[in-house]
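# Close look at the chain arrangement
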Amino acid sequence: MNSVLCSVATRGRYHTTLPLTLNAIINQTKKVDKLIIFDDNDEPQDMRKELVYSYFFQMLDIKGIKWEWLFANKKGQHHIHQIANTMGFDWVWRVDDDAIPEPNVLQNLFNYTHKNVGAIGGAILTPPFQFESFKPTGKIENINTEPNIQWSFIDKVKEVEHLHCSFLYRAGGHDYNLGLSRVAHREETLFTYGLFKKGYKILVVPNANTWHFKNPNGGIRSETNQALYEQDENLFNNLINYSDKKIVILNCGMGDHVVFTHVLPKIKNAEVFTCYPDIVPGRSIAEARQLFGNIDQWSIYIKMHQWKWKGSLEDAYRKMYL
Amino acid sequence: MIIISPYSKALRNGKPNAKNYPYWKELIELIDEPIVQIGIAGEEQLVPDFRKNLSLSELRELVNQCKTWISCDSFFQHFAWDKKKYGIVLWSVSDPLIFGHPENINLLKDRNNLVENQFLWWEDTEHDANKFVRPEAVIESLNANFP
């Protein structure tokens, strides 16, 4: 129950920060069970021919760390993270390709893994420091008015509502929102806040410092289409606006709706979107798509497939919504 | 009166749905009761009394009147179960432990016939008559459970 996948999504940083990131991961005091580099470059290269990378791959083999270099589909890093999220590991340590964790980061994050914990983050530090005088709360309601709590050293363990950049999270506990555009603006905020809403603790912890060499090129900053950021911000705001509701989206068959009627009365504060309002009253699926983008995370069939489900459909709905 | 709901939802690729029972005509011959077929326009009529495109309230009324019902794995088995009127479901490749209800009589020939992934579209699953119980087994169950 403690396997850790390290997931690195990379774009445009083969010869800048990615080697620093990989070196830092390889030299952690706690080894990961597997490292996967998801290569989202516009023009992918075979890095086995590069001197430094060839040494990295040999070091991984010598240290007994499984690794894979996968070529991603350029749909945005949220798609990459969702793949990592569903690969069957217990925990995923996601590390941005311009983030350089100190050697003890994974061990110190991992020390806080517990059945009630959904994600653990440390400090994400970019020199020069600008936010030392702030006392951020880490609450979602303050996201537009305070700096991220991870942007300064963290002096004690604190429960927050969302995390940023690089962190360790419980795999399979919540889905990344695939309705975001390829810029994936706010993807990690939505993801960790989703875990929080499911009742998991989201922690920031001391002595787990990652240096964030913000790079004006590559990664999300390769995307300059402002409309996509606005589209994602809109989707983010819609989801946050419904955060006091249990969003139910029934994009499934009539019979599935009938079965769901046996679970609905037990769901508190449900906001229902439905294909068959004469069976389960609610708003339309088109409206759900308009508000939340991709609605696959509410597909009971995708969920049952992910869970390798053997129980009843009714129990699957209970697992999903109760 | 017995309701039969012979067909599962039509597939988008036009192929026969692997969940559709193949021996309805033989089975109907063996049933010594008035039969009402329910379904939608375009489906093959198997008995003189075929009621198409019923509203949910009409369907509820009909279910209330029936002695029992026989259905493939379709919307109707859930609907009748919800109304606490139990009947016989004829299974083949979908799993009654997932999609069925224990209050119904679930006739599955062999669990080895179930498709491995129960949660994908049915378009890719070929119809195979050999994966269903024979009509004689259905009649035996009907007489035993709904005399």
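One structure accompanies this document, and this report is about it. (Residues numbered from 1 in each chain as written. Chains lettered and ligands numbered in written order. Predicted model: local features only at pLDDT ≥ 70, side-chain atom pairs only at ≥ 80, totals over all residues.)

## Comments concerning the sheet that holds strand β7 (residues 124–125) of chain A
All names here are of chain A. To keep things clear, this is the line we draw: For two strands to count as paired, DSSP must find a minimum of two bridges between them. Segments assigned H or I by DSSP are reported as helices when at least four residues long, segments assigned E as strands when at least two residues long, and all are numbered from the N terminus.
Taken together, the three strands give an open sheet; going across it, the order is β5-β11-β7, and neighbouring strands pair in mixed fashion. Pairing within the sheet leaves two strands with one partner each, and these edge strands are β5 (99–101) and β7. Examined bridge by bridge, β7 and strand β11 (residues 210–212) share two bridges and lie parallel to one another. For L125, the partnering residue across the bridge sits in β11 and is W211.

## Observations concerning the sheet that holds strand β12 (residues 246–250) of chain A
Residue and element names in this part refer to chain A. Taken together, the three strands give an open sheet; going across it, the order is β12-β13-β14, and neighbouring strands pair in parallel fashion. Looking at strand neighbours, the two that pair on one side only are β12 and β14 (283–284), the edges of this open sheet. As paired strands, strand β13 (residues 270–274) and β14 are joined by two bridges and run parallel to one another. Note that in β14 the partner of T274 across the bridge is S284.

## Focus: the nonpolar core
Soluble globular proteins: nonpolar side chains tend toward being buried together. Rule in force here: To count as a nonpolar core, a set of buried Ala, Val, Leu, Ile, Met, Phe, Trp, Tyr and Cys residues must be joined through C-beta atoms within 7 Å. Neighbour counting defines burial: a residue surrounded by 20 or more other C-beta atoms within 10 Å of its own C-beta is buried, one with 12 or fewer is exposed, and intermediate counts give partly exposed, using backbone-placed C-beta atoms. Residue pairs are scored as contacts if the distance between their C-beta atoms, which are placed from the backbone, is within 7 Å.
The biggest cluster of nonpolar side chains holds 56 residues, and the ones touching the most others in it are A:L5, A:C6, A:V32, A:W93, A:A119, A:L168 and A:I202. Not counting residues up to four positions away in its chain, the partners in contact with A:I202 are A:G118, A:A119, A:E159, A:V160, A:E161, A:H162, A:L163, A:T192, A:L195 and A:F196. Judged by nonpolar contacts, the second largest core, of 48 residues, contains A:F260, A:W298, B:W69 and B:V133.

## Observations concerning the environment of A:V117
Residue and element names in this part refer to chain A. Secondary-structure assignment places V117 in strand β6 (residues 117–121). Along the primary structure V117 and L203 are separated by 86 residues, whereas in three dimensions their C-alpha atoms are 7.7 Å apart. The contact partners of V117, leaving out residues within four places of it in the chain, are Y112, R170, Y200, K201 and L203.

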